[in-house]
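Structural characterization, general
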Amino acid sequence: MKGFLVRWFVHALALVVVVYTIRGIEVESLFATIVAALVLGIINTFFRPLIIVLTVPFSIATFGGFILVINGFLLWLVSKIVKGFTIQSFWAAFWGALVFSLVSYLLNLWINQQGRLEIRITPPPVFGPKGRSPHR
């Protein structure tokens, strides 16, 4: 449960970044931002996989670029559901979804599955006998 709440907060924070960086996306209150993040999470959990499966030919033909259109559409759909969260054009939704994805990804790098802050450090390379790498 804690992990869910932390990720919800991360998505709300990412949505705030989107609102402040993308013209055409506006929010009336912090409450609308929190509700929009929750609705977006629900839509991404239940409807996004189905939409992606149904549009596989388009995704293949565009080398995955159509996924960005799907993400923009889902963000636009959230604006139609949540009062106080508005998106004025498709391009605002498209760029907003792209920024949302990037910010969410970067913030989620710091959070583990239990919702705790985790700094991931790459282990040093392992060397074999005489200081040689065993991967040669």
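Everything discussed here concerns the structure shown above.
Residues numbered from 1 in each chain as written. Predicted model: local features only at pLDDT ≥ 70, side-chain atom pairs only at ≥ 80, totals over all residues. Heavy atoms only, no water.

The helix and strand tally for the protein chain stands at six helices and two strands. Sequence-ordered secondary structure for the protein chain, helices as α and strands as β, is α-β-α-α-α-α-β-α. Classification of the 136 residues of the protein chain by burial places 32% in the buried group. Residue pairs at least 24 apart in sequence account for 64% of intrachain contacts in the protein chain once pairs closer than 6 positions are excluded. Total accessible area on the protein chain is roughly 9,500 Å²; 71% of this is exposed by carbon and sulfur atoms. (Helix = DSSP H or I, 4+ residues; strand = E, 2+ residues; numbered from the N terminus. Buried < 20%, exposed > 50% of the residue type's maximum accessible area, 1.4 Å probe, protein only. Contact = heavy atoms within 4.5 Å. Areas by Shrake-Rupley, 256 points an atom, 1.4 Å probe, with all protein chains shown as cover.)

Time to look at the nonpolar core. Of all hydrophobic cores here, the largest spans 24 residues; its most connected members are Leu15, Ile25, Leu75, Val78, Phe85 and Ile87. In contact with isoleucine 25, not counting residues within four places along its chain, are Val18, Val19, Leu75, Phe85, Thr86, Ile87, Ala92 and Gly96. (Core = buried A, V, L, I, M, F, W, Y, C linked by side-chain atoms within 4.5 Å.)

Inspection of every chain in the model, using the stated rule, returns six aromatic pairs. Ring centres 5.1 Å apart and planes at 70 degrees place the aromatic pair phenylalanine 90 and tryptophan 91 in the edge-to-face group. Seen from their ring centres, phenylalanine 94 and tryptophan 95 are 5.1 Å apart, and the 85 degrees between their planes marks the pair as edge-to-face. Counting every residue linked through ring pairs, the aromatic cluster contains Phe90, Trp91, Phe94 and Trp95. (Phe/Tyr/Trp six-rings, centres within 6.5 Å; stacked < 30°, edge-to-face > 60°.)

Within the element layout of this structure, leucine 68 appears in helix α5 (residues 66–81). Residue leucine 68 is classed as partly exposed on the basis of its relative accessible area, which comes to 32%. Each C-alpha atom, one on leucine 68 and one on tryptophan 95, is 8.8 Å from the other, the two residues being 27 residues apart in sequence.

This paragraph deals with unusual backbone geometry. Phi at phenylalanine 63 is positive, roughly 55 degrees, even though this residue is not glycine. Mapped onto the elements of the fold, phenylalanine 63 is located in the loop between α4 (56–61) and α5.

A few words on α5. Taking 1.5 Å of rise per residue, 16 residues should cover 22 Å, and α5 covers 23 Å from first to last C-alpha, within 8% of that figure. What α5 keeps buried is the set Ile70, Asn71, Gly72, Leu74, Leu75, Val78 and Ser79. Turning to α5, the residues buried within the fold contact α1 (2–21), β1 (25–27), α2 (30–46), α3 (48–54), β2 (85–87) and α6 (90–108). (Expected span 1.5 Å × (residues − 1).)

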